[in-house]
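# Architecture and fold: a report
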Amino acid sequence: MRSSTGFLMAAAILCLFSAAAHAQNSGASLFQSNCQMCHGADGKGSTPTGKALKVANLHDPAIVKMSDAELANVIGKGNKSMPAFGTRLTPPQIESLVSYIRVLQKQ
Ligand code: HEC
């Protein structure tokens, strides 16, 4: 009995941890789960999918020059092979992605 209680406790703790990971809304974790497969961890689009779809390099001066509002607009509405995220992400989530793109652009 005691050991099964211990097991349940451990399982409950693990569930709490994974729920916390899912609830994470940081730009970095959102980028990892929604954008990285095409844009690459560094935002340069040098992944196999990125190359096949001719993904934009987020370090491109033309994209660096875009305003935060323009970036948020593209992320929400999409552009050619770039999927629209407006129905899947909330405006605050899109804002934190824009801030994360700015961080990547400085690297
Ligand atoms: C299925 C692959 C794919 C995914 C997933 C994806 N993108 Fe893109 N993205 C693209 C492609 C392709 C382009 C180039 C679009 C074009 O032809 O101008 C692009 C372009 C962009 C641009 C440049 C804007 C422009 O006008 O070209 C930004 C910024 C961007 N993506 C951000 C994101 C963010 C943030 C995410 C995650 C929420 C994301 N992308 C997810 C494929 C993808």
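Here we summarise the structure given alongside this text. (Residues numbered from 1 in each chain as written. Predicted model: local features only at pLDDT ≥ 70, side-chain atom pairs only at ≥ 80, totals over all residues. Heavy atoms only, no water.)

## Considerations on the site of the ligand
Around the ligand there are 20 residues in total, and Cys35, Cys38, His39, Asn79 and Met82 lie nearest to it. For the ligand, a nitrogen atom lies 2.8 Å from a polar atom in the side chain of His39. With respect to the ligand, the side chain of Asn79 contributes an N or O atom lying 3.2 Å from an oxygen atom. For the shell around the ligand, the elements supplying multiple residues, two or more each, are helix H3 (36-39), helix H6 (68-77) and helix H7 (91-105). A total of three residues in the shell around the ligand trace back to one element, the largest contributor, which is H6. For the shell around the ligand, the residue count by class is 15 nonpolar, four polar and one charged. (Near = heavy atom within 4 Å. Polar contact = N/O pair within 3.5 Å; in protein donor to acceptor, adjacent residues only side chain to side chain. Helix = DSSP H or I, 4+ residues; strand = E, 2+ residues; numbered from the N terminus. Nonpolar A, V, L, I, M, F, W, Y, C, P; charged D, E, K, R; others polar.)

## What about H6?
Because each turn of an α-helix spans 3.6 residues, side chains separated by three or four positions in sequence point in the same direction. Restricting attention to buried positions, one finds in H6 the residues Leu71, Ile75 and Gly76. In a view along the axis of H6, the buried residues occupy a sector of 130°, so they form one face of it. Away from its buried face, by an angle of more than 90 degrees, H6 presents the exposed residues Ala69 and Lys77. Tucked into the core, H6 has its buried residues touching helix H5 (61-65) and H7. (Buried < 20%, exposed > 50% of the residue type's maximum accessible area, 1.4 Å probe, protein only. Arc of directions from axis to C-beta. Contact = heavy atoms within 4.5 Å.)

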